[in-house]
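As a plain string of letters, each chain reads:
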Amino acid sequence: MKNLFSNFRGDLFGGITAGIVALPLALAFGVSSGLGPSAGLYGAIFISFFAALFGGTSTQISGPTAPMTAVSMVVIAGIVAMNDGSLEKALPAILIVFLLAGLMQIGLGLLGIGKYIRYIPYPVVSGFMTAIGVIILVTQILPAIGYYPKEDAEFVNLYKPMAEEIILDNILKEEAGEGILVLEDFKETISRAEGITEADMMKEAQTLAKSEASGVIGAIKVLPRALNNINWLELILALSTIAIIYGFKKITTTIPSALVALIVVSGVAYGFGLDYRPIEQIPSGFPMPNLGIFTEFQLSSVTPYVFTALTLALLGAIDSLLTSVVADNMTKTKHKPNKELVGQGIGNSIAAIFGGIPGAGATIRTVVNINAGGKTKLSGMVAGVLLLIVLLALGPIASQIPAAVLAGILVTVGIGVMDYKGLKAIPSLPKDMSLGPIKFSSEVVIMLVVLVLSSVWNLVYAVGVGLVIASLMFMKKMGDLTAERSDVKSLEKEVNWPDEAAFPKSLQEEVFIKHLKGPLFFGSTSEFQQMADQIPETASTVIIRMGRMQYMDQSGLYTLEDVLISLRKSGINILFVDVLNQPRYMMERVGVIPELIPEEHIFDEFDECLIWVKANVKDEFTSS
């Protein structure tokens, strides 16, 4: 506790400054997620406070971020679609997924996974971050020009026939589940069908219209229609916001430009009584826990999203630990990665219970905190408390913020979150792979695959595909490098090791020496399998030197076993030299030692093996 207040003044000012920066972003991310501005604010409050309190990075400021919000959008849209387009029905399942992601983060921290997060390939992260920017940028075009598909009567009417079909289909499914549906008697079905009102069809059609225009592809599809229905006031508000954000940074960076834009544009719009579209109403009063997520929980509605929850957990971990590294470099301290994951998990879990969207360590907010004097956990807790005060004192005022202003803020976030460093590097990366005559960079392929799939298909699956491709390409490279170092060559062509200088020339026809250099694993087995075919017909003995083979996996083990069996059938003696511990353990487990290679054929030194060769191998081909 003493350390917590050791830098009270600096932490107070740092936390207040970071909280001010977080306010407009929290509202914007909440609106973007689909749960509303209050969800963004709740997430910022609880994640900032509890991640700071329990985390492992003293100066980290946490809250909703662009990547976490983008994945949350996928979760929310998918679960809402499964619940007849009703956010109210879907909310318990949505929050359970967010809670599950937080609990998974706690588990990752307790299991000590934090130190392994850095092994996620950069091209996957780069493609994902750029895709996040594309998604935010494209999806915010519609609200920035004041176009909302479900409010376009002509567009909604296109989906009325489909809406009626869906409602009738739902009636039949309900009756089948209730045991009412009988082939001979459709009276109940007809009665329910006749009860379908115009309002019911309109509501369903609006849901379908909104769904059709969601995501990057949906937004692009309806963009021509949107451009014919521009709300010029909303567009001016959005453009003014963007202009102030970029323009004010040139004057000073002391005051957050996003906050200045929010206050100025909102103040002008409200003060002059302009007919703009405000954001959703922010509930007044202290946030209350949503215990309905436990009482209304249904496993079937969440099961399809377990992998998505894991992705949220991993993404939050990556986002937070990268920010921790930035904080370390600025403060010359060292964060505790596993403790940080536990803190982030606790913050996300509590935020989910109170209806907030998930978040992670936020780089810009953390940098602002450090520059303003923040040094301890207290700064992150102060930021959370400040946002809570804003919620309690200014909730009704914040509800008057124009939706177009938040859309403008999000456009700048989308532009800023893209990985321009990775994009600029595309022309200069080495072309290390080939497909026929075409040469290409594996790093670029991975980045572009993740970027395209994330933008037009599914963020979660795209990351999985990117990781699989990156792993396969890595294994291919390692296999090629291993094969290059341990080519199977005839004794005359392979370079002798220094201790082989005294090997009798008269026995070089009878003895084949194979040097194993590097691991024998699934990526190098194909080259090793060729050894039996390349052994000269004159050889009666094969020496396999294993002193530089540190590792052998199961694939390598069984390949070695097959080659040894083949050599034994050909009547060839096999000698091992300098077998290291791990390969020996593997061979003993499956009986290669001593069933195929008896102990008397295993030598610690090459000189010992040479004594055996001289005593047991006869010179059959000495030139006369």
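What counts and what doesn't
- Residues numbered from 1 in each chain as written.
- Predicted model: local features only at pLDDT ≥ 70, side-chain atom pairs only at ≥ 80, totals over all residues.
- Heavy atoms only, no water.
- Patch = residues over 30% accessible without salt bridge, like charges linked within 9 Å, V, L, I, M, F, W, Y side chains within 5 Å.
- Areas by Shrake-Rupley, 256 points an atom, 1.4 Å probe, with all protein chains shown as cover.
- Salt bridge = Lys/Arg side-chain N within 4 Å of Asp/Glu carboxyl O.
- Lys, Arg positive; Asp, Glu negative; His and termini not counted.
- Charge placed at Lys NZ, Arg CZ, Asp CG, Glu CD.
- Helix = DSSP H or I, 4+ residues; strand = E, 2+ residues; numbered from the N terminus.
- Buried < 20%, exposed > 50% of the residue type's maximum accessible area, 1.4 Å probe, protein only.
- Axes fitted to C-alpha atoms, helices over the stretch in contact; angles between N-to-C directions.
- Parallel < 35°, antiparallel > 145°, perpendicular 65-115°, else oblique.
- Left-handed = near helix turned anticlockwise from the far one by under 90°.
- Contact = heavy atoms within 4.5 Å.
- Nonpolar A, V, L, I, M, F, W, Y, C, P; charged D, E, K, R; others polar.
- Pairing = 2+ DSSP bridges.
- Right-handed = clockwise from strand over helix to strand, strands pointing away.
- pLDDT = per-residue confidence, 0-100.
- Expected span 1.5 Å × (residues − 1).
- Polar contact = N/O pair within 3.5 Å; in protein donor to acceptor, adjacent residues only side chain to side chain.
- Phe/Tyr/Trp six-rings, centres within 6.5 Å; stacked < 30°, edge-to-face > 60°.

## Some remarks on a negative patch on the surface
The grouping of Asp578, Asp604, Glu605, Asp607 and Glu608 at the surface amounts to a negative patch. Along the chain, Asp604 falls in the loop between strand S8 (602-603) and helix H29 (606-616). The class for Asp604 is exposed, based on a relative accessible area of 58%.

## Quick word on the packing of helix H13 (residues 257-271) against helix H20 (residues 403-417)
Each pair of packed helices can be described by the angle between their axes along with the distance between the axes. Viewed as axis vectors pointing N to C, H13 and H20 meet at an angle of 155°, and their least axial separation amounts to 10 Å. In terms of their interaxial angle, H13 and H20 are classed as roughly antiparallel. With respect to the hand of their crossing, H13 and H20 are arranged in right-handed fashion. Packed against H13, whose contacting residues are Ala258, Leu262, Val265 and Ser266, the element H20 presents Val405, Leu406 and Ile409 at the interface. Per-class residue counts for the contact of H13 with H20 are six nonpolar, one polar and no charged.

## Quick notes on the environment of Leu233
Looking at where Leu233 falls in the secondary structure, it is placed in helix H12 (residues 232-251). Sequence separation between Leu233 and Asp553 is 320 residues, and the spatial gap between their C-alpha atoms is 66 Å. Residues within four places of Leu233 in sequence aside, it is in contact with Leu274, Asp275 and Tyr276.

## Focus: the sheet that holds strand S7 (residues 573-577)
Spatially, S5-S6-S7-S8 is the arrangement adopted by the four strands of the open sheet, whose pairing is parallel. A strand with exactly one partner marks an edge of an open sheet, and here the two such strands are strand S5 (511-517) and S8. When S7 meets S8, the two strands line up parallel, connected through two bridges. Looking across to S8, one finds that Val577 is bridged to Phe603.

## Description of a nonpolar patch on the surface
Side chains of Ile217, Phe307, Leu310, Val452, Val456, Trp457 and Tyr461 sit close together on the surface and give an oily, nonpolar patch of about 640 Å² of accessible area. The exposure class of Trp457 is exposed, given its relative accessible area of 51%.

## Description of unusual backbone geometry
Cis geometry marks the peptide bond from Ile593 to Pro594, where omega comes out at 15°. Despite not being glycine, Asp578 shows a phi value in the positive range, around 55°.

## Examining the pattern of salt bridges
For the coordinates displayed, the defined rule picks out seven salt bridges. Of the charged contacts in the structure, one is a salt bridge between Arg277 and Glu151, with a shortest N-O distance of 2.6 Å. On the criterion of sequence distance, the pair formed by Arg277 in the loop between H13 and helix H14 (292-295) and Glu151 in the loop between helix H6 (141-144) and helix H7 (153-157) is long-range, its members being 126 residues apart. Looking at Arg277, the relative accessible area reads 30%, which means it is partly exposed.

## What about the environment of Gly85?
Examined against the element boundaries, Gly85 turns out to sit in the loop between helix H3 (66-82) and helix H4 (87-110). For Gly85, the contacting residues outside a window of four places in its chain are Val80 and Thr207.

## Considering the pairing of S7
In summary, the side chains of a regular strand alternate between the two faces of the sheet. Taking burial as the measure, the five residues of S7 include four buried ones, the bulk of the element. Bridge count for strand S6 (residues 541-548) against S7 is five bridges, and the pairing is parallel. When the sheet's bridge partners are listed, Thr541 is paired in S7 with Asn573. Note on the crossover from S6 through helix H26 (residues 554-569) to S7: the handedness is right-handed.

## Considering the confidence of the model for the protein
Close inspection of predicted coordinates is inappropriate for parts of the model with low pLDDT. When pLDDT is averaged across the protein, the result is 84; 90% of the residues are at 70 or more. Contacts from residues 487-492, a stretch scored under 50 in pLDDT, to residues over four places away or in other chains number 15 contacts.

## What about H3?
Along its 17 residues, H3 runs 25 Å from first to last C-alpha, staying within 8% of the 24 Å computed at 1.5 Å per residue. Within H3, 13 of the 17 residues are buried, leaving the element largely enclosed by the surrounding structure. Phi for Asp84, located one or two positions after H3, is positive at around 55°.

## Here we look at the pairing of S6
Within S6, six of the eight residues are buried, which leaves the element mostly enclosed by the surrounding structure. Sheet topology places S5 next to S6; six bridges connect them, and they run parallel. Paired with Lys514 across the strands is Ile544, a residue of S6.

## A look at the side chain of Ser349
Among the secondary structure elements, Ser349 is positioned in helix H17 (residues 337-353). A residue is classified by how much of its surface remains accessible, and Ser349, at 7% relative accessible area, is buried. Within the structure, Ser349 has its side chain in polar contact with the backbone nitrogen of Leu103 (distance 3.4 Å). Excluding its chain neighbours within four sequence positions, the residues that come into contact with Ser349 are Leu99, Gly102, Leu103 and Ile106.

## Brief notes about the packing of aromatic side chains
What describes a pair of aromatic rings is the distance from one ring centre to the other and the angle between the planes of the rings. In the structure shown here, the tally under the stated rule is six aromatic pairs. On the basis of an interplanar angle of 75° and a centroid distance of 5.3 Å, the ring pair of Phe155 and Tyr159 is categorised as edge-to-face. Like Phe155, the residue Tyr159 is buried in the burial classification. Ring geometry for Phe503 and Phe606: centres 6.4 Å apart, planes at 35°, overall tilted. Here Phe503, found in the loop between helix H23 (459-485) and S5, pairs with Phe606, found in helix H29; they are 103 residues apart in sequence, far enough to count as distant. Neither residue differs from the other here; Phe503 and Phe606 are each classed as buried.

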